[in-house]
Amino acid sequence: MKLKEMIDNGDIEESEAKIGYVGAFPYAEVISGYTAFYLGVKSIVDSVKMKVRYTNSWYDEELEKEAAEKLIDEDGCKIISQHADSSGAPSVCEEKSVPNVFYNGENPSLTNSYLISSRINWRPYFKYFINNTLTGTKMDPDWTGTLEDGSVEVYNASSLAATGTQDAVDKAISDLKAKSINVFDTSTFTVN
C-alpha cells in the first residue's frame, strides 16, 4: 500500500516500483519470508520488482547496513524489508528516509522510515516442547507456529504507512485466522 501511495502521489514512477530485501542466508525460512513480502506488495502493485541481497550471517550489523545501502543506492529500491537480526538495515532506511518493514521487533522511534513489523514469539513452541518432553509425547517434526497460537505477532502500522494500512492488516489477520486466505495461495503464482 505504501508503494502504491508513492506512485499515486507522484513520488516515484510506476517503472521505479522496486522493493529490496536484506536476507541472512538463502534458507527456506528467509526465502519464504521474502516471497510473502513480495507477493503482498504484488497484490497491490502488480508491476513491482524485488531485489534480494544476502549477508550470509544471522547477525552482522555492518553487512546488513551495506546490503541495505546497495539496495537503495545501486538497485533503486523504494521500500526495504529484511530477515536479518540487527538494526543495520532499518538504521540505513532511517538515515535515507526510505520506508522499512521492520523484522522481529518494533521500532516506531524510526520516524523517517518505520512502517510496520512482525515478530516471532518463541513462547508457544517452548511450551509445546517442554510439555511434550515432560509427558513423553512425540514431537511433531513439522510443528508450525501461527497467529492463533501467538507464535506470530504483528505490530501496529505507523503514521508513515499508507492510509488504510492498519485496517487492511487487521482484515488480513482475521482472514488468515479464519483460513479464508492463505499466504502462499498457489492459485495466484507458481513455483518451478
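Predicted, not measured: the structure shown is a model, and the values here were computed from it. (Residues numbered from 1 in each chain as written. Predicted model: local features only at pLDDT ≥ 70, side-chain atom pairs only at ≥ 80, totals over all residues. Heavy atoms only, no water.)

Student: I tried to follow the overall build of the protein on my own but got confused; where do I start?
Tutor: On a plain count of helices and strands, the protein comes out with six helices and six strands. The order of helices and strands in the protein, counted from the N terminus, is α-β-α-β-α-β-α-β-β-α-β-α. Computed over C-alpha atoms, the radius of gyration of the protein comes to 17 Å, within 12% of the 16 Å expected from 2.2 N^0.38 for 192 residues, which places it in the range of a compact globule. The C-alpha extent of the protein, read off along each of the three principal axes, is 60 × 40 × 40 Å. A sequence separation of at least 24 residues applies to 56% of the contacts in the protein between residues at least 6 apart. For the protein, the accessible surface area stands at approximately 11100 Å², while carbon and sulfur atoms represent 51% of it. Charge separation in the protein, taken as the distance between the mean sites of 18 positive and 30 negative side-chain charges, equals 3 Å. (Helix = DSSP H or I, 4+ residues; strand = E, 2+ residues; numbered from the N terminus. Rg over C-alpha atoms; globule rule 2.2 N^0.38 Å. Contact = heavy atoms within 4.5 Å. Areas by Shrake-Rupley, 256 points an atom, 1.4 Å probe, with all protein chains shown as cover. Lys, Arg positive; Asp, Glu negative; His and termini not counted. Charge placed at Lys NZ, Arg CZ, Asp CG, Glu CD.)

Student: Looking at this model, I keep getting lost on the packing of aromatic side chains. Mind explaining?
Tutor: Centre-to-centre distance and the angle between the planes together describe a pair of aromatic rings. Evaluation of the coordinates by the stated rule reveals 13 aromatic pairs. Centroid distance Phe 25 to Tyr 27: 5.0 Å. Interplanar angle 10°. Geometry classified as stacked. Three or more aromatic residues joined by ring pairs make a cluster, and in this case those are Trp 122, Tyr 125, Phe 126, Tyr 128, Phe 129 and Trp 143. (Phe/Tyr/Trp six-rings, centres within 6.5 Å; stacked < 30°, edge-to-face > 60°.)

Student: Could you clarify how one ought to interpret helix α4 (residues 88-96) in this entry?
Tutor: Each turn of an α-helix holds 3.6 residues, which means side chains three or four residues apart point in the same direction. Taken together, the buried positions of α4 are Gly 88, Ala 89, Pro 90, Val 92, Cys 93 and Glu 94. Residue Ser 97 follows α4 closely and has a positive phi angle near 55°. (Buried < 20%, exposed > 50% of the residue type's maximum accessible area, 1.4 Å probe, protein only.)

Student: Sorry if this is basic, but what is going on with unusual backbone geometry here?
Tutor: As a rule of thumb, non-glycine residues mostly have phi less than zero, and peptide bonds are mostly trans rather than cis. In this structure, Asn 56 is a non-glycine residue whose phi angle is positive, near 55°. Here Asn 56 lies in the loop between β2 (49-54) and α3 (61-73). At Lys 179, a position not held by glycine, the phi torsion is positive, near 60°.

Student: Explain the side chain of Asn 132 here, please?
Tutor: The topology assignment puts Asn 132 in helix α5 (residues 123-135). Classification of Asn 132 as buried rests on a relative accessible area of 11%.

Student: Mind showing me how you'd approach the environment of Asn 112 here?
Tutor: You can see Asn 112 is positioned in the loop between β4 (100-103) and β5 (114-120). For the pair Asn 112 and Val 98, spaced 14 residues apart in the sequence, the C-alpha separation amounts to 7.3 Å. Once residues within four sequence positions are removed from consideration, Asn 112 is found in contact with Glu 94, Ser 97, Val 98 and Leu 160.

Student: I tried to follow the sheet that holds strand β3 (residues 79-83) on my own but got confused; where do I start?
Tutor: Two pairing modes exist for strands in a sheet, parallel and antiparallel, and in both the strands are linked by backbone hydrogen bonds. The strand order β2-β1-β3-β4-β5-β6 describes an open sheet built from six strands, whose pairing is mixed. Both outer strands of the open sheet, β2 and β6 (152-154), are each paired with one neighbouring strand and no more. For this sheet, the mean angle separating the axes of adjacent strands, direction not counted, is 20°. Summarising the sheet, strand β1 (residues 18-23) and β3 pair through five bridges and their orientation is parallel. Considered in β3, the bridge of Val 22 is made with Gln 82. Running over the sheet, helix α2 (residues 28-42) touches β1, β2, β3, β4 and β5 and is turned about 165° from β1. (Pairing = 2+ DSSP bridges. Axes fitted to C-alpha atoms, helices over the stretch in contact; angles between N-to-C directions.)

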